[in-house]
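Residues per chain are reported as follows:
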Amino acid sequence: MLRPHPWPRISRGLSILGLDVTSSPSGTGIARRPFTQTPSCPAKPLPARLKINDADLTISYLKGTGPGGQKINKTNSAVQIIHAPSGIVVKCQATRSRSQNEKIARQLLADKVEVQEKGDQSRVALKTEAARKKKASRLKKTRRKYRGLEKEAEEDGSGDLEEEGVEAGVDEREAQEGKLEKGQST
Amino acid sequence: MPRIPTATLVRAYQENSLLPLLLKECRSLDSARNELRWLRERALRDSPSSSRLAPGARLGWRTRLRSMCRQRSQGVPLQYILGDQPFGDLEILCRRGVLIPRPETESYTYEAARLVRQMALEGGGNSTDPTSATRPLRILDLCTGTGCIALLLHALLAPHFKHMQIIGIDLSPIALNLARKNLDHNVRREALHRRARADIQFHRADVLGRKASSIPAVEEILSHYALKSGLADISVPAPRIDLLISNPPYISTSDFRNGTTARSVRLFEPRLALVPPVGFMGQDGDRSEDVFYRRILDLSLKVHAQVTVLECGDIMQADRVVEMHRTMTGGSRCNFNVEVWPTTEQDLAAHGFHPQDGSRCVIIHGGRDG
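Not measured: the values here are computed from a predicted model.

### Regarding the sheet that holds strand β3 (residues 88-92) of chain A
Residues and elements named next belong to chain A.
Okay, so step 1: Ordered by their spatial adjacency, three strands build an open sheet running β1-β2-β3, and the pairing between neighbours is antiparallel. Edge positions in the sheet fall to β1 (57-62) and β3, since each has one partner strand and no second. Strand-to-strand twist across the sheet, computed as the mean angle between neighbouring axes with direction ignored, equals 15 degrees.
Okay, so step 2: Where helix α2 (residues 98-118) meets the sheet, it contacts β1, β2 (78-83) and β3, and its direction lies at approximately 150 degrees from that of β3.

Dropping the structure here:
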């Protein structure tokens, strides 16, 4: 299935000839073609991020109890954000930086508010759904591979079975599995 | 300091055998967990990766982490162990012998930047206004230490002002070295614009202006600037400054010893940056912890600072500074507007300040003749 991409060899050939591919005046765009075969954007673009009005937010920095200033050197940098309309509270103390924690907390809050508003159609839900499907498909492929290997081992052991018949059998089972998978996902 | 309950210690030990070490300095399980996470991240980052082991595996990071936790349990500040401290979006390098930037100072710096922007927007249009092309925005940061205030102000204000001149002053050569290193470090990280190298200057000077020392006083540095920029005015001995900001040493000798100052601070951070010199004779019966403020207020009047922001230890000290300023200006010669920040409940909560105790700053607006 995976064929080697043609351009690395071409470019090597050109550079051996002393030609600079990247600055070729012909403008064929050979050198600019990406070397990856996976699409750079997902098949279905995610919905735009939810914009949250700053006026709805109460941001507070939690420095723990007790006085601060020169007398004490605190390392606590937690940030807490309250979203007034929904009542969602988010706290973040992932990093030592207050501004970094605020950015993370804002993102967490936006995700939470979106889930509450849109449910299944929110970015987070769509992303987890996509990840779940990907994992299921990967597991299916693994199962198929090992089943094939087992079959081969059996064949080597017995050696008499006709190849075509076995392959057809596997294909049938795959088709059934595919149907099952579809049934689960819908 | 209250004893840590045995139950907490046992729970910490069951979670991770290094947590009880950190608990000695952190005092709460939650912050000990955080510090352990940060230390582990650093230990993993700094250890060399091995090609023989699995990808991502690091050599000797466990030993490194254990020794870092042991240092922390002896009271060494986390920032000296890790070597840096975030300040706004900057990363400030921290070394022994220089005070570690505090989160309160960060709040004051943001507030100062907000005030300068507000002032520029209100005063737009006239020729002395710093947004104009001819005159740069001038900022003076006294007792700069790591240079954190000066650098963060540049990061916050550079998008709004075409020309800026920020002068950081400190007595300690170690601090000045570190401040310059921090400038370089943050320009390389692209947290600061490249022009910061030209806009920010650090100089050695004695803020207290003691006659006996061979170190120049702040005025000498400023007059040098006035000559260089050709703006020397006969009526004004020093160039006008838009923002004068300072976090001077403000702990009294008794507070330094009686337990209000944390052990870690007392043992590992420089006394020079915390306690004003005892031998220095203050005027008019000033307390020994307040000697810096009189000198800085005097300077602020000399340079006609539009905004002055001074960090103080607590509300009482802030009130003393306000009173000092009132007597120095002799009532209402100019229309000054002096306030202690933060005082409103909203500001206090938003910036994580303790409602009664803890650090405050004094903000003085004005200096314009009314």
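There is more to say after this.
### A short note on the packing of aromatic side chains
By convention here, two paired aromatic rings are described through the distance between centres and the angle between planes.
Okay, so step 1: Enumeration according to the criterion identifies three aromatic pairs over all chains in this entry.
Okay, so step 2: When the ring of Tyr108(B) is compared with that of Trp341(B), the centres are 6.1 Å apart and the planes differ by 70 degrees; the resulting orientation is edge-to-face. Here Trp341(B) lies in strand β8 (residues 337-341) and Tyr108(B) lies in helix α6 (residues 103-122), a separation of 233 residues in the sequence. Here the two residues Tyr108(B) and Trp341(B) agree in accessibility, since each one is buried.
Okay, so step 3: Joined through ring pairs, the aromatic side chains of Tyr108(B), Trp341(B) and Phe353(B) make up one cluster.
Okay, so step 4: Between Arg98(A) and the ring centre of Tyr61(A), over which it is positioned, the NZ or CZ distance is 3.7 Å.

### Examining the confidence of the model for chain B
Residues and elements named next belong to chain B.
Okay, so step 1: Here chain B averages 86 in pLDDT, and 88% of its residues register 70 or above.
Okay, so step 2: In the model, residues 125-129 has pLDDT below 50 throughout and makes five contacts with residues more than four positions away in sequence or in other chains.
Okay, so step 3: Across residues 232-236, confidence stays below pLDDT 50; counting only partners more than four residues off in sequence or on other chains, it has two contacts.

### As for the pattern of salt bridges
Okay, so step 1: Summed over all chains, the structure comprises 28 salt bridges over all chains.
Okay, so step 2: A salt bridge links Asp84(B) to Arg96(A), with the shortest nitrogen-to-oxygen separation between them at 2.4 Å. Note that Asp84(B) is positioned in strand β1 (residues 84-87) and Arg96(A) in the loop between β3 and α2, a pairing that runs across two chains. The pair Asp84(B) / Arg96(A) is uniform in exposure class, with both members buried.
Okay, so step 3: Two residues, Glu111(B) and Arg114(B), come together in a salt bridge whose shortest N-O distance is 2.9 Å. Taken together, the positions of Glu111(B) and Arg114(B), both in helix α6 and three residues apart, correspond to about one turn of that helix.
Okay, so step 4: Within the structure, one salt-bridge network assembled from shared partners comprises Glu219(B), Arg295(B), Asp298(B) and Lys302(B).

### Topic: the sheet that holds strand β3 (residues 137-142) of chain B
All names here are of chain B.
Okay, so step 1: Pairing within the open sheet is mixed, and its seven strands lie in the order β5-β4-β3-β6-β7-β9-β8. On the outer flanks of this sheet lie β5 (200-204) and β8, each paired with one strand and no other. Taken over all neighbouring pairs, the strand axes of this sheet differ in orientation by 15 degrees on average, direction set aside.
Okay, so step 2: With four bridges joining them, strand β6 (residues 243-246) and strand β7 (residues 307-312) adopt parallel strand pairing. Each residue of the ladder has a partner; that of Leu243, found in β7, is Val307.
Okay, so step 3: Each of β4 (164-170) and β5 is contacted by helix α8 (residues 173-188), which is oriented at about 170 degrees to β5, the strand it contacts most.
Okay, so step 4: Relative to the sheet, helix α13 (residues 291-302) contacts β3, β6, β7 and β9 (360-365), its axis offset from that of β7 by approximately 175 degrees.

What counts, and where the lines are drawn
- Residues numbered from 1 in each chain as written.
- Chains lettered and ligands numbered in written order.
- Predicted model: local features only at pLDDT ≥ 70, side-chain atom pairs only at ≥ 80, totals over all residues.
- Heavy atoms only, no water.
- Pairing = 2+ DSSP bridges.
- Helix = DSSP H or I, 4+ residues; strand = E, 2+ residues; numbered from the N terminus.
- Axes fitted to C-alpha atoms, helices over the stretch in contact; angles between N-to-C directions.
- Contact = heavy atoms within 4.5 Å.
- Phe/Tyr/Trp six-rings, centres within 6.5 Å; stacked < 30°, edge-to-face > 60°.
- Buried < 20%, exposed > 50% of the residue type's maximum accessible area, 1.4 Å probe, protein only.
- Lys NZ or Arg CZ within 6 Å of the ring centre and 35° of its normal.
- pLDDT = per-residue confidence, 0-100.
- Salt bridge = Lys/Arg side-chain N within 4 Å of Asp/Glu carboxyl O.

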